[in-house]
Amino acid sequence: MASMFKTAVQTSRASSFISRRSYSSGSTVNVGIIGAGRIGRVHAQTLAGVAGAKLAWITDVFPEGAKKAAEDFKVPAWSQNYKDILNDPQIHAIWICSPSDTHAPIIKEAALAGKQIFCEKPVATDLKGTEEALEVVAKTGVKMFLAFQRRFDPNFMRVKKAIVSGEIGDPVSVRLTSRDPAPPPVDYVKQSGGIFKDMAIHDLDMSRFLMGCEPVEIFAQGLNRVDPKIKDLEGPLAYDTALTLVKYENGAVVTIDNCRKAVYGYDQRAEVFGTKGCVVSENNYPSNVHVWGDTKVSRDLPLNFFMERYADAYKNETVAFVENIQKGTPIVSTGNDGRVALIMAMAAAKSAAENRIVKISEIKSY
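**So, a nonpolar patch on the surface**
Part 1 of the argument: Residues Val263, Tyr264 and Leu301 make up a contiguous nonpolar surface patch of roughly 310 Å² in combined accessible area.
Part 2 of the argument: Along the polypeptide, Tyr264 turns up in the loop between β10 (253–259) and β11 (267–274).

Right, dumping it as structure tokens:
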């Protein structure tokens, strides 16, 4: 089972590509960001506070967005064309924060240009495009980090520690809850690939990260319960709610609960029940204050969305990749992790469509 999850091509160190990099070990990593939208701005703000990294370029197909981000974050150069970053020999690493359907071609171009690659998920929206991009990365020998930022969240890291250390014994069952505060725009949903590829993929990856082994089979159900505007879209695009069961090689079962709208805010919880105990991660709040009255005890709503909830995770993953480049340390969140998460999302969508358990082995590489 584990062998099917290995990257399609083994890494080969190609000196002809490596020599095109101007980076020397331990020095400041010069970074260019491709994409100045919401997530690009999150990363620009994060990079500004990370020692060892310097944001030198930002580009966007909308020049006003690139210019505004450059002004806001004091970036010395901006452009409408991402190739300007790839052609700059002083840039050591790129952050790909552009729309999902642009990731794979940019990854391939960046690898051939000898740039280290930090990429928002997904690698590509389909398995063929994912594996082709990863082949180029492997052949060129550049580093690639896929931004599953939840792996670097202090809460989830503590849950993982409780499992690895044996603190709660062997995992028996896991519950992951991920609900957004409001549905995204319909146009976003249309190009998202659906709830399993777009939203649940973070939880599918987290389930695998926590279990430390490979998934065997998946059963999923998709529903439309909170966003009637997408009800008539095709297949998983119409789902705003999903329940997914994942069985792992170690015998444990993970339950994933996703919804695109929770009226009380961004709901991000985890529970791992083991043979010797249980570890639980609750939501993060603006404060730990409770107000006690004569009829109720109340507190503030959870942090509203991912930019606030995962602020620490964004910084931690950025620091980790900068250190990967500077020190040559192993990458914790790889392109192949993205490939496996995509396979899991495809299996979940197939399960929901066919109303049956789907074995992971049914999802074939191209």
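Picking up where we left off.
**Quick notes on the sheet that holds strand β8 (residues 215–223)**
Part 1 of the argument: Taken in spatial order, the seven strands of this open sheet run β12-β11-β7-β10-β9-β8-β15, and their pairing is mixed. Here the strands that pair on one side only, and so sit at the sheet edges, are β12 (277–281) and β15 (358–359).
Part 2 of the argument: Pairing geometry for strand β7 (residues 171–179) and β11, over eight bridges, is antiparallel. Residue pairing across strands places Leu176 opposite Ala270, the latter belonging to β11.
Part 3 of the argument: Its contacts with the sheet put helix α13 (residues 335–354) on β8, β9 (241–248) and β15, and the angle it makes with β8 is roughly 55°.

**Points about the side chain of Arg260**
Part 1 of the argument: With respect to the secondary-structure elements, Arg260 resides in the loop between β10 and β11.
Part 2 of the argument: Note on Arg260: relative accessible area 1%, which makes it buried.
Part 3 of the argument: A polar atom in the side chain of Arg260 sits 3.1 Å from the side chain of Asp198.
Part 4 of the argument: Contacts of Arg260, omitting those with residues within four sequence positions, involve Asp180, Pro181, Ala182, Pro183, Pro184, Ser192, Gly194, Ile195, Asp198, Met199, Tyr239 and Asp240.

**Quick notes on the packing of aromatic side chains**
Part 1 of the argument: For the structure shown, the criterion picks out ten aromatic pairs.
Part 2 of the argument: Measuring from centroid to centroid gives 6.2 Å for Tyr266 and Tyr310, while their planes differ by 85°, and the two rings are edge-to-face. Placement of the pair is Tyr266 in the loop between β10 and β11 and Tyr310 in the loop between α11 (306–309) and α12 (311–327), with a sequence separation of 44 residues.
Part 3 of the argument: When its relative accessible area of 4% is taken as the criterion, Tyr266 is described as buried.
Part 4 of the argument: Since its relative accessible area comes to 0%, Tyr310 is described here as buried.
Part 5 of the argument: Of the aromatic side chains, those joined through ring pairs into one cluster are Trp95, Phe118, Phe145, Phe152 and Phe321.
Part 6 of the argument: Positioned over the ring face of Tyr285 is Arg299, at 3.6 Å from the centre of the ring.
Part 7 of the argument: Of note, Arg309 hangs over the ring of Tyr310, and the distance from its end group to the ring centre comes to 4.4 Å.

**Structural notes on the pairing of β9**
Part 1 of the argument: Bridging between β8 and β9 involves eight bridges; their strand directions are antiparallel. Along β9, the bridge assignment pairs Gly222 with Ala242.
Part 2 of the argument: Relative to β10, β9 runs antiparallel, the two being bridged by seven bridges. Residue Thr244 lies in a different strand from β10, and its bridge partner there is Ile256.
Part 3 of the argument: Here β9 hands over to β10 after four residues, with Gly251 in that stretch at a positive phi of 95°.

Criteria and thresholds
- Residues numbered from 1 in each chain as written.
- Predicted model: local features only at pLDDT ≥ 70, side-chain atom pairs only at ≥ 80, totals over all residues.
- Heavy atoms only, no water.
- Patch = residues over 30% accessible without salt bridge, like charges linked within 9 Å, V, L, I, M, F, W, Y side chains within 5 Å.
- Areas by Shrake-Rupley, 256 points an atom, 1.4 Å probe, with all protein chains shown as cover.
- Salt bridge = Lys/Arg side-chain N within 4 Å of Asp/Glu carboxyl O.
- Helix = DSSP H or I, 4+ residues; strand = E, 2+ residues; numbered from the N terminus.
- Pairing = 2+ DSSP bridges.
- Contact = heavy atoms within 4.5 Å.
- Axes fitted to C-alpha atoms, helices over the stretch in contact; angles between N-to-C directions.
- Buried < 20%, exposed > 50% of the residue type's maximum accessible area, 1.4 Å probe, protein only.
- Polar contact = N/O pair within 3.5 Å; in protein donor to acceptor, adjacent residues only side chain to side chain.
- Phe/Tyr/Trp six-rings, centres within 6.5 Å; stacked < 30°, edge-to-face > 60°.
- Lys NZ or Arg CZ within 6 Å of the ring centre and 35° of its normal.

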